[in-house]
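Observations on chain architecture
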Amino acid sequence: MFGFSSTSKRILVSGIQATGKLHFGNYFGAMKQNIDLANSGEFTPYIFIADYHALTTVKDREALRQSALEIAAAYIACGLDTSRAILFRQSFVPQHTELAWVLNNVVTMPYLMRAHAYKDHEAKDKEVNVGLFDYPVLMAADILMYQADVVPVGQDQKQHIEYARDIAGFYNRAWNVEQFKLPKDLILETVAIVPGIDGQKMSKSKGNVISLFGTDEEVRKAVMSVVTDSKAPSEKKDPDTNNVYAIHKLFLTNAEDAELRRRFEQGGYGYKEAKEALLAAIMKWREGKKALFDDLMQHPEKIERILEEGGRKARKQAEETMKAVRTQVGLQ
Ligand code: TYM
């Protein structure tokens, strides 16, 4: 049937752009699901650092390199079992760009012009380079390369996964083959859009993030700047319109969540106290992880070793796909 099936396990594919410091939107929106599913042993997980994608916006080689290392270190520090997961740099597997080139020939310009990211740039009168315009095709290549069943992401990537499904179909029909499986997104409703400190979607470009592994002081500053209304401590507060609660609940069990709601609803719980509690929850989350992250960043050779091993596995699989694709389209 489809291109290949080297294993009966379902395939997970997910990437993060190497464009800056990771934040809790990345963690709860995608990384956590990736780690949980990868560690469950039920998937063959391809988890990668999208550095080719980052090149569309980053023009600083040291920043790109640093960000790639940080993503890998963060995954490891947050518990990704690298004996199960294939963790790699996209650019270690140039087959991604090769497949993107082939796919470019079954995709039209008007189709790509409908992409949200492109339209946003256009609306802001920003210059759009060709890489940015073609971003969804490279992302489709990332996903289709490994015959992904499931792609865990946040809501902002939904359209990109739809594009990958469409593009799989365009290719299969154009060449009259059943090469690519149609992937599905995995977006958890409760964390589809993690809010930032201003209540809008947490996003590097909006400067409203709480970073995963920034300094304690950076985290404290961000938490203390969470935007709230001006209700006095004694007043009752609606948790559902309350930004401190919206972020804090991500860290809580159901029972703890119910208790926090009760505190806001009954009054006598001020925002200062609520922010201190949120900060304590974040610091508790960072316990152990932050030290491991820092240690890895001081020993980048340890990270490189893991990335190279993952890269070799990914490249082997990618080459299998490309052999089939090259034959199907008449190359080589
Ligand atoms: P990126 O690097 O912008 O974000 C990485 C992941 O974090 C999720 N995310 C969020 N989820 C919920 N709430 C938020 N506030 C929030 N902010 C970020 C994103 O949805 C994403 O899942 N195009 C992708 C990278 C990519 C990729 C791929 C992903 C390249 N190839 C193939 C999956 C499969 C991106 O820019 O994500």
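The model shown is predicted, which means the values in this text are computed figures rather than measured ones.

1. Quick word on the packing of aromatic side chains
Following the criterion strictly, the structure yields 17 aromatic pairs and no others. Their ring planes at 75° and their centres at 5.0 Å tell us that Phe24 and Trp285 sit as a pair that is edge-to-face. With a gap of 261 residues between them, Phe24 in helix α1 (residues 24–40) and Trp285 in helix α13 (residues 271–286) connect regions that are remote in the sequence. As far as burial versus exposure is concerned, Phe24 and Trp285 are alike and both buried. Here the aromatic rings of Phe88 and Tyr146 are separated by 6.0 Å at their centres, their planes lie at 70°, and the arrangement is edge-to-face. Of the two residues, Phe88 is situated in strand β3 (residues 86–89) and Tyr146 in the loop between α8 (135–145) and β4 (150–152); the sequence distance between them amounts to 58 residues. The buried category is assigned to Phe88, whose relative accessible area is 0%. By way of ring pairs, the aromatic residues Phe24, Tyr27, Phe28, Phe213, Phe251, Trp285 and Phe293 are connected into one cluster.

2. Some thoughts on the site of the ligand
Around the ligand, the structure places 27 residues, and the nearest of them are Gln17, Tyr135, Asp142, Asp156 and Val194. In the environment of the ligand, a nitrogen atom lies 2.7 Å from a nitrogen or oxygen atom belonging to the side chain of Asp142. In the model, a nitrogen atom of the ligand is placed 2.8 Å from a nitrogen or oxygen of the Gln157 side chain. When the ligand sits alone it has 710 Å² of accessible area, and the protein chains cover 96% of it. When atoms are counted within 2 Å of each cavity's grid points, the one that captures over half of the ligand is the largest pocket. Where the shell around the ligand is concerned, the elements lending two or more residues are β1 (10–17), α1, β2 (43–50) and α8. For the shell around the ligand, a count of residues per class yields 14 nonpolar, ten polar and three charged.

3. As for helix α14 (residues 289–298)
In an α-helix, one turn spans 3.6 residues; hence positions three or four apart end up facing the same way. Inspection of α14 places Lys289, Lys290, Phe293, Leu296 and Met297 among the buried residues, and these make up the whole buried set. Along the long axis of α14, the arc covered by the buried residues comes to 125°, so they all point the same way. Of the exposed residues in α14, the ones pointing more than 90 degrees away from its buried face are Ala291 and Gln298.

4. Remarks on the environment of Ala77
For Ala77, the location among the structural elements is in helix α3 (residues 61–77). With 78 residues separating them along the chain, Ala77 and Gln155 place their C-alpha atoms 25 Å apart. Setting aside its immediate chain neighbours within four residues, Ala77 contacts Phe213, Lys289, Leu292, Phe293 and Leu296.

5. Description of the pattern of salt bridges
If you walk through the whole model with that rule in mind, you get 23 salt bridges. One salt bridge connects Lys302 with Asp295, and the closest N-O pair in it is separated by 3.4 Å. Taking the relative accessible area as the measure of exposure, Asp295 reaches 28% and is therefore partly exposed. What you see here is one network of salt bridges that share partners, running through Glu62, Arg65, Arg89 and Glu304.

6. Things to note about the domain arrangement of the protein chain
Domain parsing of the protein chain yields domain 1 (10–193 + 300–329) and domain 2 (213–289). The C-alpha-based centres of domain 1 and domain 2 are spaced at 33 Å. Residue-level contacts link seven residues of domain 1 with six residues of domain 2. Between domain 1 and domain 2, roughly 700 Å² of surface is buried when both sides are summed, and carbon and sulfur atoms account for 81% of that area. Per-residue buried area on domain 1 facing domain 2 is highest for Phe24, Phe28 and Ala77; these three make up 58% of the total on that side. In this structure, the connection of domain 1 to domain 2 is made through zero residue pairs in polar contact (both at pLDDT 80 or more). The biggest single contributor to the side of domain 1 that touches domain 2 is α1, with three residues. Of the residues that constitute the side of domain 1 that touches domain 2, the class distribution is seven nonpolar, no polar and no charged.

7. So, the packing of helix α4 (residues 95–104) against helix α15 (residues 300–329)
With their axes 10 Å apart at the nearest point, α4 and α15 run at an angle of 25° to one another. By the angle between their directions, the pair α4 and α15 is classed as roughly parallel. Crossing angle aside, the handedness with which α4 passes α15 is left-handed. In this structure, α4 uses Gln95, Glu98, Leu99 and Val102 to contact α15, whose residues at the interface are Arg315, Ala318, Glu319, Met322, Val325, Arg326 and Val329. Classifying every residue of the contact of α4 with α15 gives six nonpolar, one polar and four charged.

Reading the values: rules and limits
- Residues numbered from 1 in each chain as written.
- Predicted model: local features only at pLDDT ≥ 70, side-chain atom pairs only at ≥ 80, totals over all residues.
- Heavy atoms only, no water.
- Phe/Tyr/Trp six-rings, centres within 6.5 Å; stacked < 30°, edge-to-face > 60°.
- Helix = DSSP H or I, 4+ residues; strand = E, 2+ residues; numbered from the N terminus.
- Buried < 20%, exposed > 50% of the residue type's maximum accessible area, 1.4 Å probe, protein only.
- Near = heavy atom within 4 Å.
- Polar contact = N/O pair within 3.5 Å; in protein donor to acceptor, adjacent residues only side chain to side chain.
- Areas by Shrake-Rupley, 256 points an atom, 1.4 Å probe, with all protein chains shown as cover.
- 1 Å grid on protein atoms, 1.4 Å probe; cavity = no way out; pocket = protein on both sides within 12 Å on 5 of 7 lines; lining within 4 Å.
- Sits in = over half its atoms within 2 Å of the grid points.
- Nonpolar A, V, L, I, M, F, W, Y, C, P; charged D, E, K, R; others polar.
- Arc of directions from axis to C-beta.
- Contact = heavy atoms within 4.5 Å.
- Salt bridge = Lys/Arg side-chain N within 4 Å of Asp/Glu carboxyl O.
- Domains from an automatic or database assignment.
- Buried area = accessible area lost by both parts, 1.4 Å probe.
- Axes fitted to C-alpha atoms, helices over the stretch in contact; angles between N-to-C directions.
- Parallel < 35°, antiparallel > 145°, perpendicular 65-115°, else oblique.
- Left-handed = near helix turned anticlockwise from the far one by under 90°.

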